[in-house]
Amino acid sequence: MKILLAEDDFASRKFMSKLLGEYGECDVTVNGLEAVDAYLMALEDEKEDNYDLAVLDIMMPMLDGYQVLDTIRKIETDRSIPIEKRIKVIMTTALNEEINVKKAMEIGCDAYVGKPVDVEKFTVLLGRLGFKAN
Amino acid sequence: MEITNLDIIIDRIRGELIQENTIEIVLFFNEKGIITECNVTGVKKLGYSQKEIVGKYIGEILTDVFSIDENGEIAYKEIDADDSIFGVMYRKNMTCFDVQAKVASKLSEDNVYTGVVCAVETSLIKSAEKQMTIAKEEQKRTEQIRSEFVANVTHELRTPLNGIIGHVKDLRLSGLDDTQIRSIEIIEHCADNMMKLINNILDFSKLEAGKYLLDEQECKFSKFIDNIVATHIKNIDEKGLRLILNVASDIPEYIMCDELALSRILNNLMSNAVKFTAVGNVMLQIMKASETDDYVELFFMVIDSGIGISDDEKTKLFKEFSQVDASVTRKYGGTGLGLSITKQLVEMMNGKIYVESIKGEGSTFSFNVILKKSDKIGNIDGNNFTFTDVALQAGEHMLEQSDISDVCKFGTPANISEIHKNVEKLAITLELNNFEKAEMFASNIKELVSGQSEELDKQVFKLILTLRKSNYDKSVSILDNVKRLLSDITKEEFR
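Just so you know, these numbers come straight off a predicted model, no measurement behind them.

Conventions and cut-offs
- Residues numbered from 1 in each chain as written.
- Chains lettered and ligands numbered in written order.
- Predicted model: local features only at pLDDT ≥ 70, side-chain atom pairs only at ≥ 80, totals over all residues.
- Heavy atoms only, no water.
- Helix = DSSP H or I, 4+ residues; strand = E, 2+ residues; numbered from the N terminus.
- Expected span 1.5 Å × (residues − 1).
- Buried < 20%, exposed > 50% of the residue type's maximum accessible area, 1.4 Å probe, protein only.
- Pairing = 2+ DSSP bridges.
- pLDDT = per-residue confidence, 0-100.
- Salt bridge = Lys/Arg side-chain N within 4 Å of Asp/Glu carboxyl O.
- Axes fitted to C-alpha atoms, helices over the stretch in contact; angles between N-to-C directions.
- Contact = heavy atoms within 4.5 Å.
- Phe/Tyr/Trp six-rings, centres within 6.5 Å; stacked < 30°, edge-to-face > 60°.
- Lys NZ or Arg CZ within 6 Å of the ring centre and 35° of its normal.
- Buried area = accessible area lost by both parts, 1.4 Å probe.
- Polar contact = N/O pair within 3.5 Å; in protein donor to acceptor, adjacent residues only side chain to side chain.
- Nonpolar A, V, L, I, M, F, W, Y, C, P; charged D, E, K, R; others polar.
- Parallel < 35°, antiparallel > 145°, perpendicular 65-115°, else oblique.
- Left-handed = near helix turned anticlockwise from the far one by under 90°.
- Patch = residues over 30% accessible without salt bridge, like charges linked within 9 Å, V, L, I, M, F, W, Y side chains within 5 Å.
- Areas by Shrake-Rupley, 256 points an atom, 1.4 Å probe, with all protein chains shown as cover.

S.K.: Explanation requested: helix 2 (residues 32–44) of chain A in the structure shown.
M.R.: For an α-helix the count is 3.6 residues per turn, leaving residues at separations of three or four pointing the same way. In this model helix 2 of chain A runs 18 Å from its N-terminal to its C-terminal C-alpha over 13 residues, within 8% of the 18 Å that 1.5 Å per residue would give. Inspection of helix 2 of chain A places Gly32, Glu34, Ala35, Val36, Ala38, Tyr39, Met41, Ala42 and Leu43 of chain A among the buried residues, and these make up the whole buried set.

Here you go:
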């Protein structure tokens, strides 16, 4: 399983990459632009598998999480990737207000996790999305 | 001219006649002193009806101000339109009240006389003044409560933070394994950052409230500068930057200054310079601008070859809670209070701070401060510098900014050697299994090669992703992978 993590805060990045590392191979990006780059790179390289899961922070430099998600979903539509093969996206942020959740859901994220991330809840969520730890 | 002005004023007053909630009583009268118009407030206050008051003689209402000359025409005792008249106004029922009034009159071109009285009940003015005083006191109290609140909150926040920092340090020494130590380091780093943030907020609120006082003590200048350099040299070395320190040799060794405040200014500018520079140099240049018997004016320049600031961003730079771009906050950290505090501190030392910058090429922050001289004489002593590359120079042979920004400009031969240097450092850090450092050098390489070839861009990005992975998973395959990618990059470079 391949995971894409986009998180600009150093401490959260470490924590999340360690957590996600238990589920599969996790590529770590530090801003929105890198995340999109990494996604495209995997998509275009035939030798490489596509990402199964993306965990995106919302407040990031260059491109924010919404923009990354939007771009990814647009690319998927453009290339007519079937729905079951589309990347699962979890948004994480300290912006826990309902409006942010709503916006993320509208753009097409699969789940939304408030920060600080609660490991147990996060594990349950990953299980619900069909991911199991190695 | 005056007449036109008065025309406008009278027209405006006429326009306001119909308004009900004014506090002024407005009365228009003709050359005989007969009232022709009265506003709603006037009618209400004076107890007449609109019909009754028109046709009354003005002197019956506002006594002591008007008199009638031998032609039966109205004259005032005082006509100065700028002065207020204090008089008494009589109501219909012959009761009276104090007023403060202004009187004006004009003669139009066809000889029509218009006079106007504008009066406000004195007790109303007094109550307005009283309200004003109350409001001012209220504001003062709110401000005091606010600054006390900030001071208390920051203190309350600092107390548990001190507990955290202390115990983390303790824990670190208690024999932990590598992973645990790394976690502890992150906690420590976060706690330190929070401490800095809290201190900044506290300083800022003190400066805002004017409670920040300078404590001027004798200071040994060379030692002081050496301390500043020592604070930053580690970060500069770690980022692979070069520090250039230029101090003019004619600066007095002993000066009177608030070391803490001056070091805050310099530390802030220096750490910004280091923070926003990926490759190239950071330069600290100090000159003597002028000197009198008692005072010396010093000019400091902090020059970097970093990301630079656009003209648009410059205007926002010194405002509180502003970093040039919200995304900058997230990439580089910080409260956005640093430069605002710096500016206020510089101004407290009778100086001014300037910024010059070209986006993408670097920035120069410079400021001057006027400091008292100490009784001890003598010029700066170079032997006190422990930093070896320091250049003690006579003022006129200072380096220009172009000397340092050349190094990082894109496409110059210097660029290739910079890439080379970073690749070398990357290789060394890999040998030492220091993947975090390695990642940093890889980012430097990425910045340097960006735009040269798409393939190279991709390779370096892959390298960075792989390096990040090695942060938590140190399998041999990854290390080999990195080395292979690295050799690919160097090959590409040498082609």
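Resuming the write-up.
S.K.: Can you walk me through the pairing of strand 14 (residues 362–373) of chain B in this structure?
M.R.: The side chains of a regular strand alternate, first on one face of the sheet and then on the other. All names here are of chain B. Within strand 14, nine of the twelve residues are buried, which leaves the element mostly enclosed by the surrounding structure. Bridge analysis of strand 10 (residues 254–257) against strand 14 gives two bridges, and the strand direction is antiparallel. Bridging across to strand 14, Met256 finds its partner in Lys372. Inspection of the sheet shows strand 13 (residues 352–358) paired to strand 14 by seven bridges, in the antiparallel sense. Paired with Ile353 across the bridge in strand 14 is Phe367.

S.K.: Is there a simple way to think about the confidence of the model for chain A in this case?
M.R.: The predicted coordinates should not be examined in detail at positions where pLDDT is low. When the pLDDT values of chain A are averaged, the result is 88; 99% of them are 70 or greater. Within chain A, the element-level pLDDT minimum falls on helix 1 (residues 10–21) of chain A, averaging 85, and the maximum on strand 3 (residues 53–57) of chain A, averaging 94.

S.K.: Please clarify how the pattern of salt bridges should be interpreted in this entry.
M.R.: Side-chain pairing between opposite charges can occur once the charged atoms of the two side chains come close. All names here are of chain B. Applying the stated rule across the entire model yields 20 salt bridges over all chains. When the shortest N-O distance is used, the salt bridge between Glu138 and Arg141 registers 3.1 Å. With Glu138 and Arg141 both in helix 5 (residues 122–172) and three residues apart, the pair spans about one turn of that helix. Given a relative accessible area of 44%, Glu138 falls into the partly exposed group. Given a relative accessible area of 46%, Arg141 falls into the partly exposed group. A salt bridge links Glu185 to Arg172, with the nearest nitrogen and oxygen atoms 3.2 Å apart. Here Glu185 is found in helix 6 (residues 178–208), whereas its partner Arg172 is found in helix 5, with 13 residues between them in sequence. Classification of Glu185 as partly exposed rests on a relative accessible area of 35%.

S.K.: Help me understand the sheet that holds strand 3 of chain A in this model?
M.R.: The strands that make up a sheet are held in pairs by hydrogen bonds between backbone atoms, and each pair lies either parallel or antiparallel. Residue and element names in this part refer to chain A. On the basis of which strands lie adjacent, the open sheet formed by five strands has the order 2-1-3-4-5 and parallel pairing. A single partner strand is all that each edge strand has here, and the edge strands are strand 2 (25–29) and strand 5 (111–114). Adjacent strand axes in the sheet meet at a mean angle of 20 degrees when their direction is disregarded. In this structure, strand 1 (residues 2–6) lies alongside strand 2, joined through five bridges in parallel fashion. Residue Ala6 lies in a different strand from strand 2, and its bridge partner there is Thr29. Taken strand by strand, helix 3 (residues 65–78) contacts strand 3 and strand 4 (88–93), and its axis lies near 170 degrees from that of strand 4.

S.K.: Please clarify how the packing of aromatic side chains should be interpreted in this entry.
M.R.: Here a ring pair, both rings aromatic, is described through the centre-centre distance and the interplanar angle of the planes. Applying the stated criterion across every chain, the model contains four aromatic pairs over all chains. Here the aromatic cluster, defined as three or more aromatic residues joined through ring pairs, consists of Phe221, Phe224, Phe300 and Phe367 of chain B. Sitting above the plane of the Tyr51 of chain A ring, Lys2 of chain A keeps its charged end 4.6 Å from the centroid. Here the guanidinium or amino end of Lys376 of chain B rests over the ring plane of Tyr254 of chain B, the centre of that ring lying 4.7 Å away.

S.K.: Is there a simple way to explain the interface of chain A and chain B in this structure?
M.R.: How big an interface is tends to be expressed through the accessible area that disappears when the partners come together. Taken together, the 22 residues of chain A in the interface contact 16 residues of chain B. Interface area, chain A with chain B, both sides summed: about 1800 Å², of which 63% is carbon and sulfur. The tally of links between chain A and chain B comes to one salt bridge. Where chain A meets chain B, there are zero residue pairs in polar contact (both at pLDDT 80 or more). Contributing elements (two or more residues each) for the side of chain A that touches chain B: helix 1, strand 2 and helix 2 of chain A. A class-by-class count of the residues in the side of chain A that touches chain B yields eleven nonpolar, three polar and eight charged.

S.K.: It is not clear to me how the sheet that holds strand 1 (residues 24–29) of chain B should be interpreted in this structure. Could you clarify?
M.R.: All names here are of chain B. Across the sheet, five strands lie side by side as 2-1-7-6-5; this open sheet has antiparallel pairing. At either margin of the open sheet sits one strand with a lone partner, and together these are strand 2 (35–38) and strand 5 (85–90). For this sheet the average axis-to-axis angle between neighbouring strands, irrespective of direction, equals 35 degrees. For strand 6 (residues 96–107) and strand 7 (residues 113–121), the ladder comprises nine bridges, and the chain directions are antiparallel. In the sheet register, Ala104 faces strand 7, and the bridge partner there is Val116. In the packing of helix 5 onto the sheet, contacts are made with strand 6 and strand 7, and the angle to strand 7 comes to roughly 50 degrees.

S.K.: What exactly am I supposed to notice about the pairing of strand 12 (residues 295–304) of chain B here?
M.R.: Residues and elements named next belong to chain B. For strand 12, the tally of buried residues reaches eight of ten residues, placing the bulk of the element in the interior. With nine bridges connecting them, strand 11 (residues 281–291) and strand 12 associate as antiparallel partners. Pairing of Met283 across the sheet is with Ile303, part of strand 12. In sequence, strand 11 turns back onto strand 12 through a hairpin of three residues. Where strand 12 lies against strand 14, ten bridges are found, and the strand directions are antiparallel. From the neighbouring strand, Tyr295 faces strand 14, where its bridge partner is Lys372.

S.K.: Would you take a moment to explain the side chain of Ser222 of chain B for this structure?
M.R.: Along the polypeptide, Ser222 of chain B turns up in helix 7 (residues 221–238). If sequence neighbours within four positions are ignored, Ser222 of chain B has contacts with Glu253, Ile380, Asp381, Asn384 and Phe385 of chain B.

S.K.: Just to check I follow, could you spell out the side chain of Ser263 of chain B for this structure?
M.R.: Relative to the helices and strands, Ser263 of chain B resides in helix 8 (residues 259–275). Leaving out residues up to four positions away in the same chain, Ser263 of chain B has contacts with Phe224, Ile228 and Asn268 of chain B.

S.K.: Just to check I follow, could you spell out the packing of helix 1 of chain A against helix 5 (residues 119–128) of chain A for this structure?
M.R.: Packed helices, taken two at a time, are described by the angle between their axes plus the distance between the axes. Residue and element names in this part refer to chain A. At a minimum axis separation of 12 Å, helix 1 and helix 5 run at an interaxial angle of 45 degrees. The angle between helix 1 and helix 5 falls in the class oblique. Where helix 1 crosses over helix 5, the two elements pack in a sense that is right-handed. Contacts between helix 1 and helix 5 involve Phe15, Met16, Leu19 and Leu20 on the former and, on the latter, Val119, Phe122 and Leu126.

S.K.: Mind showing me how you'd approach unusual backbone geometry here?
M.R.: A negative phi angle is the norm for most residues apart from glycine, just as the trans form is the norm for most peptide bonds. Residues and elements named next belong to chain B. Phi at Met94 is positive, roughly 70 degrees, even though this residue is not glycine. Residue placement: Met94 occurs in the loop between strand 5 and strand 6. Positive phi values are uncommon outside glycine, yet Asn350 reaches one of about 60 degrees.

S.K.: Whenever I open this one, a nonpolar patch on the surface confuses me. Can you help?
M.R.: Residue and element names in this part refer to chain B. Taken together, Ile145, Phe149, Val153, Leu157 and Met194 make up a surface patch of nonpolar side chains, about 450 Å² in accessible area. Among the elements that take part in the nonpolar patch, helix 5 stands out by supplying four residues, more than any other. The topology assignment puts Ile145 in helix 5. Its relative accessible area of 53% is what places Ile145 among the exposed residues.

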